[in-house]
Amino acid sequence: IPTLVLSSYDDPFVDVTDYLNAELSATTVLHLEKHGGHMGYLSKGPRGYMRWLDHALGTYLKTISD
């Protein structure tokens, strides 16, 4: 089952080394952002701030469905 793990290096609840040391399956994609805290991914979009997570998931799902 394809799995996407999204986190950031500065997550205050989950230490990034847990992800970096984990044995991930071939169907698991680990995506780490430099900043973002605990799922606090906001970024500037064409109409102000957007939720980065929504955009990232949409892009990932489109990629695996093509």
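Before reading on, note that the structure itself is shown above.
Residues numbered from 1 in each chain as written. Predicted model: local features only at pLDDT ≥ 70, side-chain atom pairs only at ≥ 80, totals over all residues. Heavy atoms only, no water.

(A) Local environment of the overall build of the chain. When you go through the chain residue by residue, the secondary structure sums to 2 helices and 4 strands. Seen in sequence order, the chain has helices and strands lined up from the N terminus as β-α-β-β-β-α. For the chain, the spread of C-alpha atoms along the principal axes amounts to about 40 × 35 × 15 Å. Counting every position in the chain, which comprises 66 residues, the buried fraction comes to 21%. The long-range share in the chain, meaning contacts at least 24 apart out of those at least 6 apart in sequence, stands at 61%. Looking at charge distribution, the chain has the averaged site of its 5 positive side-chain charges lying 17 Å from that of its 8 negative ones. (Helix = DSSP H or I, 4+ residues; strand = E, 2+ residues; numbered from the N terminus. Buried < 20%, exposed > 50% of the residue type's maximum accessible area, 1.4 Å probe, protein only. Contact = heavy atoms within 4.5 Å. Lys, Arg positive; Asp, Glu negative; His and termini not counted. Charge placed at Lys NZ, Arg CZ, Asp CG, Glu CD.)

(B) Main features of the pairing of strand 1 (residues 3-8). Note: strand 1 against strand 2 (residues 28-33), 6 bridges, orientation parallel. Pairing of T3 across the sheet is with T28, part of strand 2. For the crossover from strand 1 across helix 1 (residues 16-21) to strand 2, the handedness is right-handed. (Pairing = 2+ DSSP bridges. Right-handed = clockwise from strand over helix to strand, strands pointing away.)

(C) Examining the pairing of strand 3 (residues 42-45) more closely. Pairing geometry for strand 3 and strand 4 (residues 48-51), over 4 bridges, is antiparallel. For S43, the partnering residue across the bridge sits in strand 4 and is M50.

(D) Inspection of the side chain of S8 at higher detail. You can see S8 is positioned in strand 1. S8 sits in the buried class, given a relative accessible area of 0%. A distance of 2.9 Å separates polar atoms of two side chains, one belonging to S8 and the other to D10. A distance of 3.4 Å separates a polar atom in the side chain of S8 from the backbone nitrogen of D11. (Polar contact = N/O pair within 3.5 Å; in protein donor to acceptor, adjacent residues only side chain to side chain.)

(E) A look at helix 2 (residues 52-65). Over its 14 residues, helix 2 runs 20 Å from end to end, which matches the ideal 20 Å to within 8%, given 1.5 Å per residue. Every buried residue belonging to helix 2 is among W52, A56 and Y60, and all of these are buried. Buried residues in helix 2, looked at end-on, bunch into an arc of 60°, giving them a common side. With respect to the buried face of helix 2, the exposed residues turned more than 90 degrees away are K62 and S65. (Expected span 1.5 Å × (residues − 1). Arc of directions from axis to C-beta.)

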